[in-house]
Amino acid sequence: MTVSDKIDTKKPLDSERDVDVDEEKSSSIKKTIQKTISSTPQSNREDTVKTLEALCDSKRPSPSDVYGRGPMLISDIPSSARKGAVILGIDEAGRGPVLGPMTYAAAYWNADQSKSIPKGFNDSKQLTEKTRLSLLQQAIDTPDICFVLRVLHASEISRNMLRSDPYNLNAMSHDAAIGMIRAVLDAGVKIDTAYIDTVGMPDAYRSRLEREFNGHGIRFVVEKKADAKYAPCSAASVVAKVSRDKMIENWKWSEASFEPDGGIDFGSGYPSDPKCKKWLDQNLLDPVFCFPDLVRFSWGPSKNAMKDKGVLVEWEADEDEEDNQDSDGVARQQLSMSSFVVGGKTNDTKKENLRVKKKRRTGYFEKLGLRSVTTIIET
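Residues numbered from 1 in each chain as written. Predicted model: local features only at pLDDT ≥ 70, side-chain atom pairs only at ≥ 80, totals over all residues. Heavy atoms only, no water.

Draft legend 1. Summary view of the overall build of the protein. A tally of helices and strands in the protein yields 14 helices and six strands. The proportion of buried residues among the 379 residues of the protein is 44%. Partitioning the intrachain contacts of the protein with sequence separation of at least 6 by distance along the chain shows that 73% fall at a separation of at least 24. A total of about 21200 Å² of accessible surface is found on the protein, and carbon and sulfur atoms cover 51% of it. (Helix = DSSP H or I, 4+ residues; strand = E, 2+ residues; numbered from the N terminus. Buried < 20%, exposed > 50% of the residue type's maximum accessible area, 1.4 Å probe, protein only. Contact = heavy atoms within 4.5 Å. Areas by Shrake-Rupley, 256 points an atom, 1.4 Å probe, with all protein chains shown as cover.)

Next up, the structure:
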């Protein structure tokens, strides 16, 4: 059975026994994916296929639904890749959609083995789905081809971009590429040349990579449309695109009892797609939490939909009282910088005795008469 056969196979659950088997499989898949976070290469090609299948079945390590980064799969590494130096390519899939993950992939092999590498790799977006699946299978069946797959789920992208100090998509993309290169080097593989489809300005990106990996002797080729020019970059494009497509196709909803209106018929997932717009409009089903975690909350269409249909939540924060209180619980006034400068108007005695009225608690605490707990008494 081929990798794509395994990924495409879907059997209906028509008995209690089938449900039990499916739950056991689900648990096994989650354990398999958890191992990918350790950034350790798979032991053999069979384990590589098993873990790739698990990722494409859209089972996600639970931490990545709430915090932290998504999984990274590092394939098994044959002896040919450990002899001499390899050529490596990096590309991504799913950068623009408002739905689903963005996947980054690296593909690499020993330059001396180039004759054994399948022909036909190209920019995956220019290939048919059938051709992409065939090329991925050929890559899997070619032991000399190694790859890395990094998954940035929509929840990870949303959290990063909506921070108080936003971590934008370009920065995430650069760091994903750097993380994959570092994982290959840490596995004991020497890289001769890395071909990278650029994100942002090619020269600035290349300079950053050269600084990050100074001393490793890597030649970086960072260009637009590199996935259509260099075989390792094209192979990476195929791995990233097929993997992402299968994750979307097999998506498992992490939200309890959520059933999307319209299923997964959201077209390309790009904000400009009428099908995608309709799906977003139909599936903002909760006024507080709004969308399922398939959606990138940081994208404009999502923000607009939440603004129009969601409820406004205002967060009130208490002053950190413990750090600014004296022994009897009265808050001290925060001193200005000028009071610490020679010639400042506030002397030591005045600073010691300076007090202000304690700040009121937020409305919720005042309404319920709640106060901070300072002592726990066992009864």
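Once the structure has been displayed, the description carries forward.
Draft legend 2. Seen up close, the pattern of salt bridges. Tallied over the full model, the rule gives 14 salt bridges. Measuring nitrogen to oxygen at the nearest pair gives 2.9 Å for the salt bridge that ties Glu156 to Arg150. Owing to a relative accessible area of 5%, Glu156 belongs among the buried residues under this scheme. Using a relative accessible area of 9% as the deciding quantity, one classes Arg150 as buried. Here Glu223 and Lys229 are joined by a salt bridge, their closest N and O atoms 3.1 Å apart. The network of salt bridges with shared partners includes Asp175, Arg182, Arg208 and Glu212. (Salt bridge = Lys/Arg side-chain N within 4 Å of Asp/Glu carboxyl O.)

Draft legend 3. A look at the nonpolar core. In terms of nonpolar packing, the biggest core is built from 53 residues, with Tyr108 and Ile181 touching the most fellow members. When residues of this core are assigned to their parent elements, the largest contribution, 10 residues, is made by helix H8 (residues 169–186). Residues within four places of Ile181 in sequence aside, it is in contact with Leu88, Ile90, Ile191, Ile196, Leu209, Phe213, Ile218 and Phe220. (Core = buried A, V, L, I, M, F, W, Y, C linked by side-chain atoms within 4.5 Å.)

Draft legend 4. Spatial organisation of the environment of Ala154. Tracing the backbone through its elements, the reader meets Ala154 in helix H7 (residues 154–161). Separated by 57 residues in sequence, Ala154 and Pro97 place their C-alpha atoms 9.8 Å apart.

Draft legend 5. A look at H7. With respect to burial, H7 is a largely interior element, six of its eight residues being buried. Three or more residues of H7 are buried, namely Ala154, Ser155, Glu156, Ile157, Ser158 and Asn160.

Draft legend 6. Representation of the sheet that holds strand E1 (residues 72–74). Ordered in space as E1-E4-E3-E2-E5-E6, the six strands form an open sheet in which the pairing is mixed. Among the strands making up the open sheet, the edge pair consists of E1 and strand E6 (219–223). With direction set aside, neighbouring strand axes in the sheet form an average angle of 15°. The pairing of strand E5 (residues 191–197) with E6 spans five bridges and is parallel. For Ala194, the partnering residue across the bridge sits in E6 and is Phe220. (Pairing = 2+ DSSP bridges. Axes fitted to C-alpha atoms, helices over the stretch in contact; angles between N-to-C directions.)

Draft legend 7. Seen up close, the packing of aromatic side chains. Per the counting criterion, the structure on display carries six aromatic pairs. Each ring, one from Tyr195 and one from Tyr230, has its centre 4.3 Å from the other, and the planes form 20°; the classification is stacked. Placement of Tyr195 in strand E5 and of Tyr230 in the loop between E6 and helix H10 (231–249) is noted, with a sequence separation of 35 residues between them. By relative accessible area, Tyr195 is classed as buried at 13%. Plain terms: the ring middles of Trp253 and Phe258 are 5.0 Å apart, the flat faces sit at 65° to each other, and that makes the pair edge-to-face. Residue Trp253 is classed as partly exposed on the basis of its relative accessible area, which comes to 22%. Residue classification places Phe258 among the buried positions, given a relative accessible area of 13%. One aromatic cluster in this structure is built from Trp253, Phe258, Phe266 and Trp279. (Phe/Tyr/Trp six-rings, centres within 6.5 Å; stacked < 30°, edge-to-face > 60°.)

Draft legend 8. Region of interest: the packing of H8 against helix H9 (residues 202–212). Contact geometry of H8 with H9 gives a least axis separation of 11 Å together with a crossing angle of 35°. You can see that H8 and H9 cross each other, and the crossing is right-handed. Of the residues in H9, those touching H8 at Ser173, His174, Asp175, Ala177, Ile178, Ile181 and Arg182 are Tyr205, Arg208, Leu209 and Glu212. Its residues assigned to classes, the contact of H8 with H9 shows five nonpolar, two polar and four charged. (Left-handed = near helix turned anticlockwise from the far one by under 90°. Nonpolar A, V, L, I, M, F, W, Y, C, P; charged D, E, K, R; others polar.)

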